[in-house]
Structures are given as structure tokens and as C-alpha cells.
Amino acid sequence: MAAAYALAQAGWDRVTIVERGPELGGLAGTFETDGHFYPLAYHHILQRDRGLLFFLDRIGALPDVRWRKISMLFQLKGRLFDLADPVDFLRFPMSLADKLRFVRLMLRCFGKSDWADWNERSAAELVDTWGGPEVRRAIFDPLMRLKFNRPCEEVSGAWLGARLHFREGSAPLGYIPGGNWTKVLCDGVTRLLDDASVQVKLGTSARHLGIQDDRVTRVDLDDGESLEADLVISTVPTEVYQQLLTAARPDLDHVRYTAVVSAILATKQRVTPTFYWMNLASLDCTASGMFMLNALNPTIGAPGDTCLNIMTHVPTRHDTFFHQSDDQILAGYRADFHRVFGFELKPFWTQVNRLGMYAPVFHRGYENPPLRDAVLTNVYCAGNYRTFPSIASTGTALASGVDAGAAILADHGGTSDLPAAIDGYRLASMPRG
Ligand SMILES: Cc1cc2nc3c(=O)[nH]c(=O)nc-3n(C[C@H](O)[C@H](O)[C@H](O)COP(=O)(O)OP(=O)(O)OC[C@H]3O[C@@H](n4cnc5c(N)ncnc54)[C@H](O)[C@@H]3O)c2cc1C
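Residues numbered from 1 in each chain as written. Predicted model: local features only at pLDDT ≥ 70, side-chain atom pairs only at ≥ 80, totals over all residues. Heavy atoms only, no water.

Some points on the site of the ligand
The following threshold applies: Proximity is defined per residue: any heavy atom of the residue falling within 4 Å of a molecule or strand makes that residue near it. The term polar contact refers here to a pair of N or O atoms within 3.5 Å; inside protein, the definition further demands a hydrogen-donor-capable atom paired with an acceptor-capable atom, and it admits residues adjacent in sequence only when both atoms are side-chain atoms. Computed with the Shrake-Rupley method and a 1.4 Å probe, the accessible areas treat only the protein chains shown as cover for residues. Think of it this way: any DSSP run of H or I at least four residues long counts as a helix, any run of E at least two long counts as a strand, and we number them from the N terminus.
Neighbouring the ligand are 25 residues; E19, L27, H44, A206 and N384 lie closest to it. Y42 places a main-chain nitrogen or oxygen 3.3 Å from a nitrogen atom of the ligand. Between the ligand and N384 there is a distance of 2.7 Å, counted from an oxygen atom to a backbone nitrogen or oxygen. In isolation the ligand exposes 1000 Å². Once the protein is present, 90% of that is buried. At the level of secondary structure, the elements contributing two or more residues to the shell around the ligand comprise strand 1 (16-19), strand 17 (347-360) and helix 12 (394-411).

Shown next as C-alpha cells:
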């Protein structure tokens, strides 16, 4: 969407988006229950996500964004800890010296924006050097297990540092009252594309790319239509792109996607303590985390509902857990809930979403595939597999789309002011929720 917007803004008038889903948005999509809109899993706005803030501004939604300091809990050995709360922080099972080292690590990461010098080093090295091995064992080893099912040694230090720099757990997070912000965003950008006469084909997949010499000349769709193509921007996961090419592409083999199973549900029960984000760090639950969506956005869902997202990071979509029935998955999540809160969860609606290609594993030494395809001269690439070492977010995906659009313009004698505008974007104010 962002790539198409960049081209349309420069006056290109024969741009077509092909989207498999019923509407634009992909992982930032939405579903509806009883007239209310919900994200596919948890979704919050990060204060340093310039690409996202820029687009929210452009669609006129930024003044509506409200910011709230959230509570992030660690569930460990049957107890809950809020590391931002001084009392809980002192109670957390780690020595005082390691706690001070943990604070030092966080402060150093908050202050460092360029992580290129950590590309080849691991998350273990980062935490051990700036925090210490005990900080890693107590906090980061469980978190990396939850997210990637890998030890810190295999995860990129640049990615972890950049992620901590985004201050996801310690700075206020944004939302839009009165609804679900991903819907506002996707509807708004869809309007921008509509105004710019970008053609959108929904509910049809690209099935095959027709290639002549070193160029893609045709995109075959699964509804039987074939689109002639002068230029192609691939914004699908690299594994899908490889299938469309029907040719081996070893240069893309290092990009491997994790999957997510996400249950969104509503209950009339009151759940305490209030939290937004809970890491199930004891690693003995079916779920990786729980989110109380209304603790960030009190207006999500119907008044009085407690809206939860219980989700599991799954190593790959081929994992057996990913293919369990909804009932099996929910039985595991209900058991997790009972273990943590001590009473039975009684939702009055539930939706299970399976997201097969959620984000690439940003392992040590990960390299973004090039913006200009390494083999095909008229193919450009965008998407969250190109955002390393930055966090894989809605805004970094948007920014990568803008970069692809700007590269095409540059290769054809044009320019786009969008990348610089995003890069220089600063929030003027952060009204509290
Ligand atoms: C559980 C979860 C939590 C998240 N939390 C946050 C958060 O709190 N804040 C935040 O900013 N971001 C968050 N994100 C990240 C963010 O949503 C994604 O990184 C971003 O939306 C990815 O965008 P993308 O365009 O790279 O990929 P996608 O959204 O995956 O886009 C790819 C698109 O290609 C389409 N497609 C695939 N194959 C074909 C085909 N053959 N033909 C046509 N179309 C095809 C798909 O339907 C999809 O629309 C979260 C994501 C998840 C899954």
C-alpha cells in the first residue's frame, strides 16, 4: 500500500495492487464481531515508529491517537511481576547487582538508535556485555524462547538492541479511542490509494510470475486473469515469492518465518490485576503471552467487556500446534488462564486466528534481502522481511514500501520526498488516554 502510494504520489497512474484477502491490510487487518472491530492479535502504536506516525498523520488520524503507559507483567514460578513497579522490581528473583546491570542495559539501549555494529553479534553477547549472564538467564532467555523458540545465542544482538530502543515495554503505547486503530489506518490508506486512482484487486492471489529473460512480464492470478507488468513490487513473504517464481532462489533461503496462533475473546468477567501485556516467562504454558486489549484501549469492544488476546509464537506454520483445532487450542489457553488467575475463563465469543508467516526470525547475521531483486531486473521488494534490525512493525513495513516506491522512481529519473519525510518525522505531542 505504501509503495503504491509513493508511486501514485509521483503521478504514476497505472499502479495495481493484488491482494489475496477480502480487504487491504494483511497482518494489520481487522475482523468484526457484533459491530465492533478487533485486530487479528494485539496491536499498539509505538512512539518511535515514524513510518506509522507519518501515515497516521497523512490520513488525518494522528490527532485522535491517545497514549497510555501500560503495565507489562512477567509470570514466573506462579507469581506476577511488573518490572516497572519499584516494589515488584525489588521482589523479582534476581540479585540487586544484576537488577542494576539490567537497568544499565536498558538505558544504554534506549539511547542507541543505530545498531549496525551489532549485526554480526548475538543477543546473548549484547545482554552479557551490557547486563550480565544472570540478567540473560532470568529475563532474556525466557523471552527469546517465547518469541523465537531459540536461545539468545542464535538471535541477533542488533535486533534485540533495536527492539529495546523502541521502548515497547516502558514508554507509553498509542491507540485510537472509539475503535481499533489498525482499521482506521487501513481504511485511511485505502482512501489515499482510491483518491490517487490506484487499482486494487481484492480476493485474488498472484499464482505465478511469467518471466522473459531477466524480467517479470506477467502476473497470473488465481481467478484466471493475467496482468501485464512493466515493474513488480513483491510485498508477499519471501517464501510465497519463491513459490510464485517456481525457481530456486538460494539468496532468499535464509529468511524463515515464525507463525502465530492468536485467540481474541471477550468475557464479562473482571480480571485482576489489570495488565496490558503478560509474558508467560515460566515457559510451562500453551500460550506465550496474554494481552488485555481494553487495558490499553478502554473503548475496544462493547462497554464492560474484558477483551483478551491469548497468543502463541510457533516456530513455523508446519508445527503440529499450528494445526490443532480451535477447541484444542482454546482448551490449552483456558488452562493457562486458570493457572495464572485461579478461576475459570468464560468467554462469550472467541475468534482463533492462525498467522502462518508472521515475521522472519531475525537471527544473528540476518541480512535484509536487497530492495532490487538480485536476479530479476524489474522486481523490487518490500515488507517486514526487509526491516532488520528494526522491529517488524506496521510502520517499518510501511516505510519499506515507501523505500521500494522511491527506488523505482529514482531508477526512472524521478524522486520521492516520502522517505526523508518519514525519517525526519517527529511527534509534536503525546496526549494521554
Ligand atoms: C501477532 C502480531 C502482533 C503484532 N503487533 C504489532 C504491534 O503491536 N504494532 C505494530 O506496529 N505492528 C505489529 N505487528 C506487525 C505488523 O502487523 C506487521 O509487521 C506488518 O503489518 C507486516 O506488513 P507486511 O506488508 O510486511 O506483511 P503482510 O501484512 O503479511 O502483507 C503481505 C500481504 O500479502 C498478501 N498475500 C500473500 N500472498 C499473496 C498472493 N499470492 N497474492 C496476493 N496477495 C498475497 C497477504 O494477504 C498480505 O495482505 C504485529 C503482527 C502480528 C502478527
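There is more to say after this.
Observations regarding the packing of helix 2 (residues 50-58) against helix 8 (residues 181-195)
Operational definition: Fitted lines through C-alpha atoms serve as axes, helices being fitted only where they are in contact, and the angles separating the N-to-C directions of these axes extend from 0 to 180 degrees. Handedness of a crossing follows from how the near helix is turned relative to the far one, being left-handed for an anticlockwise turn of less than a right angle and right-handed for a clockwise one. Any two residues having at least one pair of non-hydrogen atoms within 4.5 Å are treated as being in contact. For this scheme, ten residues count as nonpolar: Ala, Val, Leu, Ile, Met, Phe, Trp, Tyr, Cys and Pro. Four count as charged, namely Asp, Glu, Lys and Arg, and the remainder, Gly too, count as polar.
Two elements in contact, helix 2 and helix 8, have axes separated by 9 Å at closest approach and are oriented at 65 degrees. The interaxial crossing formed by helix 2 with helix 8 has left-handed handedness. Here L52, F55, L56 and R58 of helix 2 come into contact with helix 8, specifically with W181, L185, V189 and L192. Looking at the contact of helix 2 with helix 8 residue by residue, the class counts come to 7 nonpolar, no polar and 1 charged.

Section: empty space enclosed by the protein
It is the rolling of a water-molecule-sized probe over the atoms that shows where space remains empty. Note the threshold: Of the two site types, the cavity is a set of points on a 1 Å grid over the protein atoms alone where a 1.4 Å probe fits but cannot get out, and the pocket is an open set with protein on both sides within 12 Å along at least five of seven lines, each lined by residues with an atom within 4 Å of a point. Grid points are joined across faces, edges and corners, and a volume is the space filled by probe spheres set on the points.
Enumeration according to the criterion identifies 3 cavities of 30 Å³ or more in this entry. Looking at the largest cavity, the residues that line it are P39, H43, Y175, I176, G179, N180, W181, Y276, L293, L296, N297 and I300. Looking at the lining of the largest cavity residue by residue, the class counts come to 8 nonpolar, 4 polar and no charged. Approximately 60 Å³ is the volume attributed to the second largest cavity. In terms of residue class, the lining of the second largest cavity is built from 8 nonpolar, 2 polar and 3 charged.

Points about the pairing of strand 6 (residues 79-82)
The condition is simple: Paired strands, in this sense, are two strands between which DSSP finds at least two bridges.
Relative to strand 6, strand 5 (residues 72-76) is paired through 4 bridges, and the arrangement is antiparallel. Residue pairing across strands places F74 opposite F81, the latter belonging to strand 6. Connecting strand 5 to the antiparallel partner strand 6 that follows it, the hairpin turn spans 2 residues, and K77 within it adopts a positive phi of roughly 50 degrees.

What to know about the packing of aromatic side chains
Each pair of aromatic rings is reported with the distance of its centres and the angle of its planes. In plain terms, the rule: We call Phe, Tyr and Trp rings a pair once their centres come within 6.5 Å, taking the six-membered ring for Trp, and we label the pair stacked below 30 degrees between planes, edge-to-face above 60, and tilted otherwise. We call a residue buried when its accessible area falls under 20% of the maximum for its residue type, exposed when it is over 50%, and partly exposed in between, using a 1.4 Å probe and counting protein chains only. Note on criteria: charge over ring means Lys NZ or Arg CZ within 6 Å of the ring centre, with the direction from the centre no more than 35 degrees off the ring normal.
Inspection of the entire model under this criterion finds 23 aromatic pairs. Ring centres of F74 and F92 lie 6.1 Å apart, and the angle between their planes is 80 degrees; on these two criteria the pair is classed as edge-to-face. Taken together, the residues span a long stretch of sequence, with F74 in strand 5 and F92 in the loop between helix 3 (86-91) and helix 4 (96-111) at a distance of 18 residues. Take F74: its relative accessible area is 4%, and that puts it in the buried class. The class for F92 is buried, based on a relative accessible area of 2%. Between the aromatic rings of F275 and F341, the centroid separation amounts to 6.0 Å while the plane-to-plane angle is 20 degrees, which identifies the pairing as stacked. Taken together, the residues F275 in the loop between strand 13 (257-267) and strand 14 (277-279) and F341 in helix 11 (residues 326-341) connect sequence positions 66 residues apart. For the pair shown, F275 and F341 are each scored as buried. By way of ring pairs, the aromatic residues Y5, F54, F55 and Y425 are connected into one cluster. Its end group placed over the ring of W115, K112 keeps NZ or CZ at 5.1 Å from the ring centre.

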